[in-house]
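Here are the chains, one letter per residue:
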Amino acid sequence: MEKMSRVTTALGSSSITGRTMFCHLDAPANAISVCRDAAQVVVAGRNIFKIYALEEEQFVEKLNLRVGRKPSLNFSCADVMWHQMEENLLATAATNGAVVTWNLGKPSRNKQDQLFTEHKRTVNKVCFHPTEAYMLLSGSQDGFMKCFDLRKKESVSTFSGQSESVRDVQFSMKDYFTFAASFENGNVQLWDIRRPDRYERMFTAHTGPVFCCDWHPDDRGWLATGGRDKMVKVWDMTTNRAKEIYCVQTIASVARVKWRPEKKFHLATCSMMVDHNIYVWDIRRPFIPFATFEEHKDVTTGIVWRHQHDPHYLLSGSKDSTLYQHMFKDATRPVDKANPEGLCFGLMGDLAFAVNESLVSSDAGRKPYPGGDRRYPFFSFKKPNPTEQFAHVSSALSVFETDLDSSRMDWFVKTAQLYLLSGKPFTELCDHNATVAQELKRPQVRRVRTKIIIRITGTANLNVSAFSFSMKEMGPESRLERCKGESRPDNVHLEPGNSHISNNNEDNEETEGSDGPTEYMFGDAELDDDDLYPMEHDNQTVPEEPVYTLPPEAFQLRHEIIDNPSAPEHLQQDKADSPHVSGNEAEVACLTPIESFSLISISQPLYSPHLHASFFCPIVREMLSHYAERGDVQMAVSVLIVLGERIRKEIDDLTQEHWYMSYIDLLQRFELWNVSNEVIKLSTCSAITCLNQTSTTLHINCSNCKRPMSNKGWICDRCRQCASACAVCHHVVKGLFVWCQGCSHGGHLEHIMNWLKNNSHCPAGCGHLCEYT
Amino acid sequence: MRHAIAPSENVENNSIAVTDLFKICTHCERLAKKDLGIRIPRPLGSGPSRFIPEKEILQVSKVDASTQAIFEDAFAALHRLDNISLVMSFHPQYLGSFLRTQHYLLQMDGPLPLHYRHYICIMAAARHQCSYLVNLHVNDFLQVGGNTKWLNGLNEAPQKLQQLGEINKILAHRPWLLTKEHIERLLKTEEHSWSLAELIHAVVLLTHYHSLSSFTFGCGIMPEINCDGGHTFRPPSVSQYCVCDIANGNGHANHHDDLLGNQEMCGEVEELMERMKQLQECRDDEEASQEEMATRFEREKTESMLVVTSEDEECVPSRDISRHFEDTSYGYQDFSRRGEQVPTFRAQDYSWEDHGFSLVNRLYPDVGQMLDEKFQMAYNLTYNTMATHKDVDTSMLRRAIWNYIHCMFGIRYDDYDYGEINQLLDRSFKIYIKTMVCSPEKTTKRMYESFWRQFQHSEKVHVNLLLMEARMQAELLYALRAITRYMT
């Protein structure tokens, strides 16, 4: 072992020394127990029953209690306990239901002393009385607890847990007569050893089995319980009703719990499944373990503090067939590894940032963040306490509010709401969506939409009208798109021939020129001056101002605009170009084909359908993936839906699904449930449409008794009344039921509609002003 | 304002017994055929079970409110009320828990897509050639948009599902052979690999449907009229008997026979009760040695091997079910065969309550809870009656049955005296259990009738529930243990 730390603790006369060490057992251990002077430990399991001496450097096997050629099931131990008063006395609980005591003082090899076979099922737990030499308690799967007097051959009293299996029994450390028992159904019972007829007190501690319980060694009223529900709870038993005072949520079912000696608020836990670590918790800090021991490779089955008054040594046995002594000094402290900073984005783009106070104060001299950020007051968790072992933690929380104008996501919400995805002829849809985009000042989006119209619909008329429309609309927009406005006059005066050249140049610039030239050739052959004319402008802007033509995010565009509203236009162009060129070169490359292509598509007559299917789809696909990569998944999905079959087969299902998922996720974050539902409905991916088929249960409460209705829609089981009576006609509503969310009155859809045409108050007469939307 | 659609009114349909709809008098039917040329499907038998007379099974119209509610829920969830539910309605408490679990597994949120789930059900049921369940889920599978091609056989299904074939086979017949290597193979990262959560879901589905196949055969569930094999278009005149004749033992012909049998076997129940009483009393007197206990377990194990299942093939599946699974020759093999020694599974070392539950609940939330509830419900269900006797503590008998099944799968409880099994379960009952659990497709009506002749049908269904749940738990324990071993 590389951990060589040594600690010597003086405990009265005896002293304990040691280090973190382990030894291999021959078989998995089920339980361990130490003798009073902390010098020896007994390990018990299905195939092992041995005593080891704890020496300074190692474990030394002292005694093998598992004797005989073919050991019986009595040796198959579920639990073991070493008497804390008598050096030589041990008790084991066998899986076959036997309770066995062992006397180490016996001269023979077989140390078995007494055998009680009164339990019918596996005995889960044995427990000696802490001060009484001859009193042994057992708890079994058959639901009984038995108290044995070791001087007699059989049990002196039997306690019945009402046919629920007993998982743990523990004598109280302080109250001589009291013991606690935990049960498989989640209950904990307190018994008086003198009264076997009835428990003193019972309460439900956990949902599911309570695997373990442990009395606090010093505080007489405290009982810790651990259950399959992954909780450790500490109960105050001094009051009339057991009160839960602390609760620790762990990550796996809790198999054992042991209070740490001399530390009032510490306890150790281990799990029965999945998690192999041993945790020591400070119950006042339930979110992060105080210390962790991570040595075991399989679940830990037994933990015990080596000495009743020494908090530094923990022994543990495990299913991985090892026995460990852990030094508290060598434990991992998860607190040290925990990240003390927190960072989170709010819904509206606000950013909250929590950080250790000391870090913030170091640069306190810094001037406040630009843009009117607000610094929220410090939150200090607690007063520093010198006796605590925890570092004093206090954090500063700052919230940075984003500039509302520049980065609001309003456009997203609005477009999401306004886009029409179905229900109209294709061209109308495109038209409408283009207008929406236009109104929201996202010209590049609009343009793409317009282009799609042109491309896919085969009518030249529409092409022209759509573009003349777009030209007109661009005029007033010039303040926003000043660069565009700048370039437009030039364009207007350009000759058709000129445009050919620019087109050509552009193609040459392309990095992936494979389809560029062919397009060009095609366009060249079919070019029509009139149609080309408006397109010219688009085409030219691309090489000049890639940033403005297709900015990564709409708000960035506007942000820049707001920054420099009064600067001369040509200067801006230069400014804008220079810093962005390097970053946007790649974008230019992928943009160009789109733009140049739209030019061609518009000019060609588009009468041959097979041509347009094979020709346009790759371009549209490229464009969509471009948008999606830029983070405008809204664009990609809307186009995908509107185009439907025309484009769907071009894009592989996974990508489509990915887009849909991200868009739906975004919509749901903005609480646009209706829109997201529409998208789900309209999507053609099976993986997406099936989203709508899960969690379709609708829970309704009775309007009379306000409790959930279990089976039928209109009769409440509890109050035996028709819950969904129409407030207008007083008949039961079967079918469409509409109700006011304000006063929860409602009725037949038709009746309510009619009523609210003439009245503004609720038909039930409750005085609420209902609204029908 | 918000719209909601209240449940529609199809509940009323439930109040008509299913077969009433189809009992058209032959005269009318002939007329109908002559005039309209409509082919009217006729049920092959009457009632939901071939073994249990229809009149014994609760009429849907006569059930109490709580059962009615369960039926309604089931109908709302599945758009049908299958025969399994009808037979289980002998035990409404259990039925509720059963349907809740099944509904959750098949329709609620879970790691696997819906059509995968149904396909896994088909795979599992096909392993036992249970055409009833296969047909049921083929319909469901297609309804949720499954690919028809997959139904041609497992090799047409995605690679991912094909990989599941191996553990399906092992789980169904020899679960003790499942090792962590099998799990590793499924989970290793590659294109068609499974995630842990998906695997747990699949395993729960597989075990559920293996054991449900047992139940289906054990209770002789009839196919529904709208399913393959549930109806015939053959005119009644050809087959020479009317509906009540086809009723497959539900008519009066067997009645006489039953009476005779009853007289003959009169003392059976009393004898069994006497033995239970004795066991209860003398348990403390004679204490068997540990070696004795161990040998008793071994003996029971080997004896269960000798209980041979009858070989007469009865039902021929109408749909070619064998194409849903490969390796048709792989069947149940006795746990302890000479030659291969598989270590006994100790129930105390890996139990459902302590270990299995936590694992399932961790990877597939809520399902652990539901299964736990279902197991407990099945294990603890009792009405304290035996045949005509009241106030009997049947816990010992139930435990014997449960442990006997686990014993057949090599699971041993340290705290159980396997000698009890021999005293409580007679040979014909053992044959029935063994057949039902290990090769359910061979269950015959004769077997069903020959055990516990005096007991009521509801009690036999109760036994079937116990068998089903015990089997499911045994399979699940092996599967979960392998997964746990993989994880550590």
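Residues numbered from 1 in each chain as written. Chains lettered and ligands numbered in written order. Predicted model: local features only at pLDDT ≥ 70, side-chain atom pairs only at ≥ 80, totals over all residues. Heavy atoms only, no water.

### Regarding helix 16 (residues 633-643) of chain A
Phase 1: With 11 of 11 residues buried, helix 16 of chain A lies mostly within the body of the structure.
Phase 2: Along helix 16 of chain A, the residues classified as buried are Val-633, Gln-634, Met-635, Ala-636, Val-637, Ser-638, Val-639, Leu-640, Ile-641, Val-642 and Leu-643 of chain A. (Buried < 20%, exposed > 50% of the residue type's maximum accessible area, 1.4 Å probe, protein only. Helix = DSSP H or I, 4+ residues; strand = E, 2+ residues; numbered from the N terminus.)

### So, the packing of aromatic side chains
Residue and element names in this part refer to chain A.
Phase 1: Inspection of the entire model under this criterion finds 34 aromatic pairs over all chains.
Phase 2: Between the aromatic rings of Phe-203 and Trp-235, the centroid separation amounts to 4.7 Å while the plane-to-plane angle is 55°, which identifies the pairing as tilted. Here Phe-203, found in strand 19 (residues 201-204), pairs with Trp-235, found in strand 22 (residues 231-236); they are 32 residues apart in sequence, far enough to count as distant.
Phase 3: Looking at Phe-203, the relative accessible area reads 11%, which means it is buried.
Phase 4: Between Trp-305 and Phe-328, the ring centres sit 6.3 Å apart and the planes meet at 35°, which makes this aromatic pair tilted. With a gap of 23 residues between them, Trp-305 in strand 28 (residues 300-307) and Phe-328 in the loop between strand 30 (322-327) and helix 1 (334-337) connect regions that are remote in the sequence. Each member of the pair, Trp-305 together with Phe-328, is buried.
Phase 5: An aromatic cluster is built from Phe-159, Phe-171, Phe-179, Trp-191 and Tyr-199, whose rings are joined through pairwise contacts.
Phase 6: The lysine or arginine in question, Arg-284, covers the ring of Phe-265, its NZ or CZ lying 3.9 Å from the ring centre. (Phe/Tyr/Trp six-rings, centres within 6.5 Å; stacked < 30°, edge-to-face > 60°. Lys NZ or Arg CZ within 6 Å of the ring centre and 35° of its normal.)

### Quick word on the sheet that holds strand 17 (residues 178-183) of chain A
All names here are of chain A.
Phase 1: Here four strands make up an open sheet; going across it, the order is 16-17-18-19 and the pairing antiparallel. Because the sheet does not close on itself, it has two edges, and the strands there are strand 16 (166-171) and strand 19. On average, each strand axis in the sheet is tilted by 15° relative to the strand beside it, whichever way the strands run. (Pairing = 2+ DSSP bridges. Axes fitted to C-alpha atoms, helices over the stretch in contact; angles between N-to-C directions.)

### Structural notes on the sheet that holds strand 6 (residues 49-54) of chain A
Residue and element names in this part refer to chain A.
Phase 1: Within the open sheet, the four strands sit side by side as 4-5-6-7. Their pairing is antiparallel. What marks the edges here is a single partner per strand, and that holds for strand 4 (31-34) and strand 7 (59-64). Direction aside, the axes of adjacent strands within the sheet are offset by 25° on average.
Phase 2: Where strand 5 (residues 40-44) and strand 6 come together, five bridges link them in antiparallel fashion. Looking at strand 6, one finds that Val-42 is bridged to Ile-51.

### Observations concerning the pattern of salt bridges
Phase 1: Under the defined criterion, the tally for this structure stands at 26 salt bridges over all chains.
Phase 2: Across the salt bridge formed by Lys-160 of chain B and Glu-198 of chain B, the nearest N and O atoms sit 2.9 Å from each other. In this pair, Lys-160 of chain B sits in helix 7 (residues 159-173) while Glu-198 of chain B sits in helix 9 (residues 196-218), placing the two residues 38 residues apart along the sequence.
Phase 3: When its relative accessible area of 14% is taken as the criterion, Glu-198 of chain B is described as buried.
Phase 4: Where salt bridges share partners, they join Arg-46 of chain A together with Arg-346, Asp-349 and Asp-414 of chain B into one cluster. (Salt bridge = Lys/Arg side-chain N within 4 Å of Asp/Glu carboxyl O.)

### Let's talk about the packing of helix 7 of chain B against helix 9 of chain B
Residue and element names in this part refer to chain B.
Phase 1: Relative orientation of the contacting elements helix 7 and helix 9 amounts to 45°, with a least axis distance of 11 Å. Accordingly, the angle class assigned to the pair helix 7 and helix 9 is oblique. Once helix 7 is placed against helix 9, the crossing between them reads as right-handed. Residues Lys-160, Leu-164, Ile-167, Asn-168, Leu-171 and Ala-172 of helix 7 lie in contact with helix 9, whose contacting residues are Glu-198, Leu-199, Ala-202, Val-203, Leu-206, Thr-207 and His-210.
Phase 2: Here the residues of the contact of helix 7 with helix 9 are counted per class, giving eight nonpolar, three polar and two charged. (Parallel < 35°, antiparallel > 145°, perpendicular 65-115°, else oblique. Left-handed = near helix turned anticlockwise from the far one by under 90°. Contact = heavy atoms within 4.5 Å. Nonpolar A, V, L, I, M, F, W, Y, C, P; charged D, E, K, R; others polar.)

### A few points about the nonpolar core
Phase 1: Residues Met-88, Leu-164, Phe-215, Ile-401 and Ile-433 of chain B are the most contacted members of the largest nonpolar core, which totals 132 residues.
Phase 2: It is helix 21 (residues 457-487) of chain B that contributes the most residues to this core, 16 residues altogether.
Phase 3: Residues within four places of Ile-433 of chain B in sequence aside, it is in contact with Ile-401, Tyr-404, Ile-405, Met-408, Leu-425 and Leu-467 of chain B.
Phase 4: Residues Leu-624, Tyr-663, Leu-672 and Val-675 of chain A belong to the second largest nonpolar core, which totals 26 residues. (Core = buried A, V, L, I, M, F, W, Y, C linked by side-chain atoms within 4.5 Å.)

### Here we look at unusual backbone geometry
Trans peptide bonds make up most of the peptide bonds, and negative phi angles are found at most residues other than glycine.
Phase 1: In the Ramachandran plot, Ala-38 of chain A falls in the positive-phi region, its phi being about 65° despite a non-glycine side chain.
Phase 2: Looking at the element boundaries, Ala-38 of chain A is found in the loop between strand 4 and strand 5.
Phase 3: At Asp-366 of chain B, a residue that is not glycine, the phi angle is positive and equals roughly 80°.
Phase 4: Among the structural elements, Asp-366 of chain B can be located in the loop between helix 15 (352-363) and helix 16 (367-380).

### Details of the environment of Leu-89 of chain A
Residues and elements named next belong to chain A.
Phase 1: On the secondary structure map, Leu-89 appears in strand 9 (residues 89-94).
Phase 2: Between the C-alpha atoms of Leu-89 and Gly-105, which are 16 residues apart in sequence, the distance is 8.4 Å.
Phase 3: Once you skip the residues sitting within four places of it in the chain, Leu-89 turns out to touch Met-81, Trp-82, His-83, Trp-102, Phe-128, Ala-133 and Leu-150.

### Brief notes about the environment of Ala-352 of chain A
Residue and element names in this part refer to chain A.
Phase 1: Residue placement: Ala-352 occurs in strand 32 (residues 351-356).
Phase 2: In the structure, Ala-352 is positioned 10 residues away from Gly-342 in sequence and 7.9 Å away in space, judged by C-alpha atoms.
Phase 3: Not counting residues within four places of it along the chain, the set of residues in contact with Ala-352 comprises Gly-342, Leu-343, Cys-344, Leu-397, Ser-398 and Val-399.

### With respect to the pairing of strand 28 of chain A
Consecutive residues of a regular strand have side chains that alternate between opposite faces of the sheet.
All names here are of chain A.
Phase 1: The buried fraction of strand 28 is high, at eight of eight residues.
Phase 2: Relative to strand 29 (residues 310-318), strand 28 runs antiparallel, the two being bridged by six bridges. Paired with Val-304 across the bridge in strand 29 is Leu-315.
Phase 3: Remark: two residues form the turn of the hairpin made by strand 28 and strand 29, two consecutive strands paired antiparallel.

### A word on the pairing of strand 20 (residues 210-215) of chain A
Residues and elements named next belong to chain A.
Phase 1: Within strand 20, six of the six residues are buried, which leaves the element mostly enclosed by the surrounding structure.
Phase 2: Pairing of strand 20 with strand 21 (residues 222-227), which is carried by five bridges, proceeds in the antiparallel orientation. By the bridge assignment, Trp-215 is partnered in strand 21 with Leu-223.
Phase 3: The loop that links strand 20 with its antiparallel partner strand 21 comprises six residues.

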